[in-house]
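Understanding the architecture of this molecule
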Amino acid sequence: MAYASHIINHSRKLRYVPKLMRHDSAVLVRWFSNGAQSSVCKREDVIKICPLGAPAERETVPMFVARNPVSSGLSRNNLSRTTMRLGIPMGGVVYSREILCSQVLSRRGFASEAGLPPHQEIGMPSLSPTMTEGNIARWLKKEGDKVTPGEVLCEVETDKATVEMECMEEGYLAKIIKGDGSKEIKVGEIIAITVEEEEDIVKFNDYSPATSDSSASSAKDLAAPPPPPKESVEQPVPSPEPKTPKHSSSPSGDRIFVSPLARKLAEEHKVPLSSIKGTGSDGYIVKADIEDYLASRQKEVSAPTPKIQDAKLASLDYVDIPHSQIRKVTASRLLFSKQTIPHYYLTVDTCVDKLMDLRSQLNLLQEASGGKRISVNDLVVKAAALALRKVPQCNSSWTDDYIRQYNNVNINVAVQTDNGLYVPVIRDADKKGLSSIAEEVKKLAQKAKENSLKPEDYEGGTFTVSNLGGTFAIKQFCAIINPPQSGILAVGSAEKRVIPGSGSGQFNFASYMSVTLSCDHRVIDGAIGAEWLKAFKGYIENPESMLL
């Protein structure tokens, strides 16, 4: 067994693997990763083949990429396809140099009866916990180009940012399955083929990956025999009684009996009495008969109304804008937040006169030393981080089994761009100085506008700050919680207000800023949220305490 595994792992030297594996008893499939063959589970790396005519069963074989197992289902009745295209996942590509190769699923195919040489299928990776599909922004390599480890193959647009995909193995790019601009590619779907030898490139000119849907459906049809036909017992069907139409014409020459109230109603609505069949005694027409007739006529008139509305809509001038990946993800996450998280809101006004004075003094020092200017939002981020350290209950997330309270204070900062809303993260903001926070916020905001954020730039936040006051002069608003977090702070603009002075009849002027805390009531009770706002207000109104 060990000797056979050693031979299979050196695929270049073995060109007729399918012939060796065409046995009725068992097929040996070794799932391995790049440099991590020791992690293969010896007990689960063999797929048994049932004899011809045996009922189909489905076995799950764990695939090992780097050090993380990935589950893949193989059907026994799908053996022929499996033998032709034996997939061995491996760390074929890495992303942005720091993304684990375990996020990429590649399958190695051996030579088959179709004449395909050894090749590697590169699939769309999952680059974030919320990613289910991605787009190909552009390919930096063309078909036929040689690729070496570390070279960028293409740019993948994820649900959060555009990420470079690098190659990890040496070879040749034989076929690009999904070209530039391909959208809504499911995670795991094949996007390219690489080969080991240059002369094998031409054999993939007309290659198209086999779809698993048809095989799965055929396997399901073969596995599930049709249910036995049920014996039908004929039962006598009672003949329906003929219904007398309610509205019918009276025979000519017959006298029409109608009540005075019904006659008046018919004259007002111009209803021909000859078309009404009375329901009273001896065919007497009553008021209810006229009302029923009017109701039925109203339904007939209102039937073509949708066509008229469609015609009005068709005359409107409009443009359909396709959803971007970030827009779809933002919509789904915010909808999920409002539908599943019990929001409540707390608003407080904070005096920012001392904060503005301190900011002016600090910016003079920053300009003298050549550093970045400190904004009001930088001071808000620092105050929020210190308040979270003082009230750690607000630095938590809800799960079905427990409340997870974080020791790290990582603040997401909402940044609006032409592509959509991004929330880059400032890690350990409570431990960083104002100069470091200011420099990091500006750097991440620029990357967000350039659509070049990496996953580590926006993942792992524990609290979010959204500021619409400085740029848009919004006085006050309520923000939607960014799951799985339990709180978000909405910052409004500062405005001058008249406040009572020390003596009677005396008044002073002061600048106040409104902030609103949105809380998940499952995690943060009202008193806890109020305590956090009290701590935050203390740091804003006495900013020197943030420097201690």
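The structure this text deals with has already been given above.
Residues numbered from 1 in each chain as written. Predicted model: local features only at pLDDT ≥ 70, side-chain atom pairs only at ≥ 80, totals over all residues. Heavy atoms only, no water.

Focus on the pairing of strand S12 (residues 162-167)
Counting buried positions over the 6 residues of S12 gives 5, a clear majority of the element. As judged from the 5 bridges shared by strand S11 (residues 152-157) and S12, these two strands associate in the antiparallel manner. Bridge pairing in S12 links Val-156 to Val-163. Counting the residues in the hairpin turn of S11 and S12 gives 4 residues. (Buried < 20%, exposed > 50% of the residue type's maximum accessible area, 1.4 Å probe, protein only. Helix = DSSP H or I, 4+ residues; strand = E, 2+ residues; numbered from the N terminus. Pairing = 2+ DSSP bridges.)

Some points on the side chain of Asp-520
One can find Asp-520 in strand S25 (residues 507-520). Beyond its immediate chain neighbours, meaning those up to four positions away, Asp-520 contacts Ile-341, Pro-342, Trp-398, Ile-481 and Ser-486. (Contact = heavy atoms within 4.5 Å.)

Structural notes on the nonpolar core
Within the largest apolar cluster, 55 residues are counted, with the highest numbers of intra-cluster contacts made by Val-380, Ile-411, Phe-463, Leu-489, Val-515, Trp-532 and Phe-536. Here the element with the most residues in this core is helix H10 (residues 376-390); it accounts for 10 residues. In this structure, Val-380 is in contact with Val-465, Leu-489, Val-491, Met-513, Phe-536 and Ile-540, ignoring residues within four places of it in sequence. Within the second largest apolar cluster, 18 residues are counted, among which are Ile-122, Val-147, Val-156 and Cys-167. (Core = buried A, V, L, I, M, F, W, Y, C linked by side-chain atoms within 4.5 Å.)

Points about unusual backbone geometry
Residue Pro-484 follows Pro-483 across a cis peptide bond; omega there is 10°. The phi torsion at Asp-428 lies on the positive side, around 50°, for a residue other than glycine. Relative to the helices and strands, Asp-428 is located in the loop between strand S22 (425-426) and helix H11 (434-449).

Here's the deal with the packing of aromatic side chains
The final tally for this structure, using the stated rule, is 3 aromatic pairs. The interplanar angle of 35° and the centroid separation of 5.3 Å between the aromatic rings of Phe-463 and Trp-532 together place this pair among those described as tilted. Separated by 69 residues along the polypeptide, Phe-463 in strand S23 (residues 463-467) and Trp-532 in helix H14 (residues 526-541) bring together distant segments of the chain. On the basis of an interplanar angle of 10° and a centroid distance of 5.4 Å, the ring pair of Trp-532 and Phe-536 is categorised as stacked. In this pair, Trp-532 and Phe-536 are both assigned in helix H14, 4 residues apart and thus about one turn of the helix distant. For the pair Trp-532 and Phe-536, a shared accessibility class is recorded, and that class is buried. The structure contains a cluster of three or more aromatic residues connected by ring pairs, namely Phe-463, Trp-532 and Phe-536. (Phe/Tyr/Trp six-rings, centres within 6.5 Å; stacked < 30°, edge-to-face > 60°.)

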